[in-house]
Amino acid sequence: MNLLDPKSGARELLLGNEAIVRGALEAGVGFISCYPGTPSSEVPDTFFRLSDRGDYYFEYSINEKVAMEVAGGAALGGVPTLVTMKHVGVNVAADPLMTLAYIGTPGGLVILCADDPGCHSSQNEQDNRYYVRLAGLPCFEPATAQECKDMTREAFELSVRWQQPIMLRTTTRINHMRGPVTFGELPPAKISGEFVKNPQRFVSVPAVGRARHKALLTNLEKIRPEINSSPWNRVYGQGNDGVIVSGVSRAYLSDVLKLYPDLKVKVLELGLGYPFPQDLVADFVQSVDRVLVLEELEPILENEVRLVCQKRGLSTHVQGKDQDLPLFDEYSTSGVTAALHRFLGRDVPDQQICSIEQEKLPARPPNLCAGCSHRSVYVRVRKIFGDDAVYSSDIGCYTLGMLPPLKAADFLLCMGSSVSSGCGMSRAVKNPVVAFIGDSTFFHSGITGLANAVYNQHDLLLVILDNRTTAMTGHQPHPGVDQSLYNKKPGHLDIEPLVKACGVEQVKKVKALNQKALDQALNEMKDAPGVRVLIAEEPCPLYARRVLGQKRTQKAKVAVSDESSLECLHTLACPAFYLEGEEVRISPVHCAGCMVCVQLSSSIKPESRS
Ligand code: SF4
Ligand code: SF4
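Residues numbered from 1 in each chain as written. Chains lettered and ligands numbered in written order. Predicted model: local features only at pLDDT ≥ 70, side-chain atom pairs only at ≥ 80, totals over all residues. Heavy atoms only, no water.

Draft legend 1. Region of interest: the site of ligand 1. Around ligand 1, the surrounding shell consists of Leu368, Cys369, Cys372, His374, Cys397, Asn467, Ala471, Cys540, Pro541 and Leu542. Split by residue class, the shell around ligand 1 holds 8 nonpolar, 2 polar and no charged. (Near = heavy atom within 4 Å. Nonpolar A, V, L, I, M, F, W, Y, C, P; charged D, E, K, R; others polar.)

Dropping the structure here:
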């Protein structure tokens, strides 16, 4: 699917994330920055893939804060700008975000924030509608692929007209759903603008900040009447019982009402829910006897509805979070079915859920891919440091080394935290502390932790697992990658001199698949005091194959299934290993040819790939 094809009126089946891209293109987006994070990653990846043909500027920024700052600069310069990240990324970007909401963004700034109810690929399921309220950001919440496109386009229009950054909040199901989308006109990208100097607005010294806070609040009140009458907020259905619903719950409710057409309810859908449309909600609440509020995660709408009722003296019964509608996890059609039936005083129907029962599914614990160099490093580190050490982990594929037998993650906070929280741990306990961080995460926010570690004379071994890419989110480039691979001007940053420039004196670089070299380096660094850094380098095998075009010419084979090969299976846990009865085998299809097992067991031999 080519999203740059300007076929107005064409209808295509798009991923929610692709529809967002098309919507931004239809708005004439000229500048896109991001930090990749599931479930938002396909949005920047699609812009990146199309960037040779599109006339917009695109960058993978080093982290979300930087992405927000470059986006803010472009939007102040008059260019329609999109910045994308996942929900936890907004924590990183929150500093510039708060001020951008104060000063406004004349060129138009849309912030795609992809929340992850259910923690499909995240460390928490924070509800970023709180950021919407904290920062003061008008917020769209699409529920279909078509809305993903249309709301993105309209968010740009309103951002320019209202002079405010706008949040486009999605959740995993919306980002990754597929649905039909009708294309609109595709104008040329607006890649340059004009900055009209106004230090009294744009230089946020305290006096300006105070004034701009009032300006923001005034602006939000001016916007509210428009939201009260916005076509994205619609009423349908009939009855004395009402439902107020937002986000993906709109899609679940729509399914339920189709499945059970005898359910009679009046529905208020909020697609543009902030500033909260108080008049619209008050009118709706007065038109029914009782209201059920459907929203994933926090009871934000529920509380706003209760507030409207309290302020206006309305006695309508408001029902929200309960046994069917918890404060955690995703909702589902079956959960909404149960909630709605109970709300209406009906028996909850037996539901035929179209999925295999969980217990019948084979267990699939999270595991590193066959041939992943992180496994090689973990085996050596665990051998040398054992259970006595505390392992500080970070965000990336290497977190998959958490489970036995590797057990290489004892705690994890957020992107870039392994260095700093490892330092804190090493002050608190007597055990040695080993921190792991990936190359992309090191650039994202590990460098600051390392500078702090040196400056404060902490005691830590930091292992930088440099696999030359951002593996977990789909092999996006970062400053340590050879940019010429992506037809960009070379802008390569080498990790080793960076580490040295931070003041680390004990730095070693080894090949991550070389067990002997790892042993030697780890033993040398094990008991040394202070901050030590081991850089373990080896491209992620998937990236090596897909992007670098490297092919492994060898695979491993169990020559003799004995104690040694069994021990290797149990300590390495490479997914290419399996047991056939008592015999240890290696799947030639799954073996990635890293040759680590060959170094660990004399019963395993290399052989050429046919
Ligand atoms: S994607 Fe690459 S880095 Fe991630 S687990 Fe697989 S091999 Fe390792
Ligand atoms: S060489 Fe050994 S460790 Fe590497 S992928 Fe193949 S079976 Fe797994």
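Draft legend 2. Summary view of the environment of Ile384. On the secondary structure map, Ile384 appears in helix 14 (residues 373–385). Ile384 sits 135 residues away from Asp519 along the chain, and the two C-alpha atoms are 7.7 Å apart. Contact partners of Ile384, with chain neighbours within four places excluded, come to Asp519, Leu522, Asn523 and Lys526. (Helix = DSSP H or I, 4+ residues; strand = E, 2+ residues; numbered from the N terminus. Contact = heavy atoms within 4.5 Å.)

Draft legend 3. Just the packing of helix 6 (residues 145–162) against helix 9 (residues 206–228), in detail. Direction vectors running N to C along helix 6 and helix 9 enclose 140 degrees, while the axes themselves pass 12 Å from each other. One element, helix 6, and the other, helix 9, form an angle in the oblique class. Handedness of the helix 6/helix 9 crossing: right-handed. Residues Leu158, Arg161 and Trp162 of helix 6 pack against Asn219, Ile223, Glu226 and Ile227 of helix 9. Partitioning the contact of helix 6 with helix 9 into residue classes produces 4 nonpolar, 1 polar and 2 charged. (Axes fitted to C-alpha atoms, helices over the stretch in contact; angles between N-to-C directions. Parallel < 35°, antiparallel > 145°, perpendicular 65-115°, else oblique. Left-handed = near helix turned anticlockwise from the far one by under 90°.)

Draft legend 4. Looking closely at the sheet that holds strand 19 (residues 531–537). Reading across from one edge, 15-16-17-19-18 is the order of the 5 strands in this open sheet, with parallel pairing throughout. Each of the sheet's edge strands pairs with one partner strand only, and the pair in question is strand 15 (390–392) and strand 18 (506–511). Geometrically, the sheet is characterised by an average inter-axis angle of 20 degrees between neighbouring strands, direction not taken into account. Where strand 17 (residues 460–466) meets strand 19, 7 bridges bridge the pair, whose relative direction is parallel. Across the sheet, residue Leu462 finds its bridge partner in strand 19, namely Val533. Strands in contact with helix 14 are strand 15, strand 16 (433–438), strand 17 and strand 19; relative to strand 17, the strand with the most contacts, it is inclined by about 160 degrees. Strands strand 15, strand 16 and strand 17 of the sheet are contacted by helix 15 (residues 417–428), whose axis makes an angle of about 175 degrees with strand 16. (Pairing = 2+ DSSP bridges.)

Draft legend 5. Structural context of empty space enclosed by the protein. Taken as a whole, this structure holds 4 cavities of 30 Å³ or more when the rule is applied. Here the largest cavity defines a volume of roughly 120 Å³. Lining of the largest cavity is provided by 18 residues; of these, Gly371, Leu572, Cys574, Cys594 and Cys597 occupy positions nearest its centre. For the lining of the largest cavity, the elements supplying multiple residues, two or more each, are helix 14 and helix 21 (596–600). Looking at the lining of the largest cavity residue by residue, the classes come out as 14 nonpolar, 3 polar and 1 charged. Here the second largest cavity is characterised by a volume of approximately 90 Å³. If one sorts the elements of the lining of the second largest cavity by residue count, strand 7 (residues 166–171) sits on top with 3 residues. Among the domains, domain 1 (10–229) and domain 2 (233–344) are the pair contributing at least three residues each to the lining of the second largest cavity. (1 Å grid on protein atoms, 1.4 Å probe; cavity = no way out; pocket = protein on both sides within 12 Å on 5 of 7 lines; lining within 4 Å. Points joined across faces, edges and corners; volume = space filled by probe spheres on them. Domains from an automatic or database assignment.)

Draft legend 6. Geometry of the pattern of salt bridges. Scanning the entire structure with this criterion turns up 41 salt bridges. Here Arg234 and Glu269 are joined by a salt bridge, their closest N and O atoms 3.4 Å apart. Within this pair, whereas Arg234 is found in strand 9 (residues 233–237), its partner Glu269 is found in strand 11 (residues 266–270), the two being separated by 35 residues in sequence. On the accessibility criterion, Arg234 (42% relative accessible area) is partly exposed. Residue Glu269 is classed as buried on the basis of its relative accessible area, which comes to 6%. (Salt bridge = Lys/Arg side-chain N within 4 Å of Asp/Glu carboxyl O. Buried < 20%, exposed > 50% of the residue type's maximum accessible area, 1.4 Å probe, protein only.)

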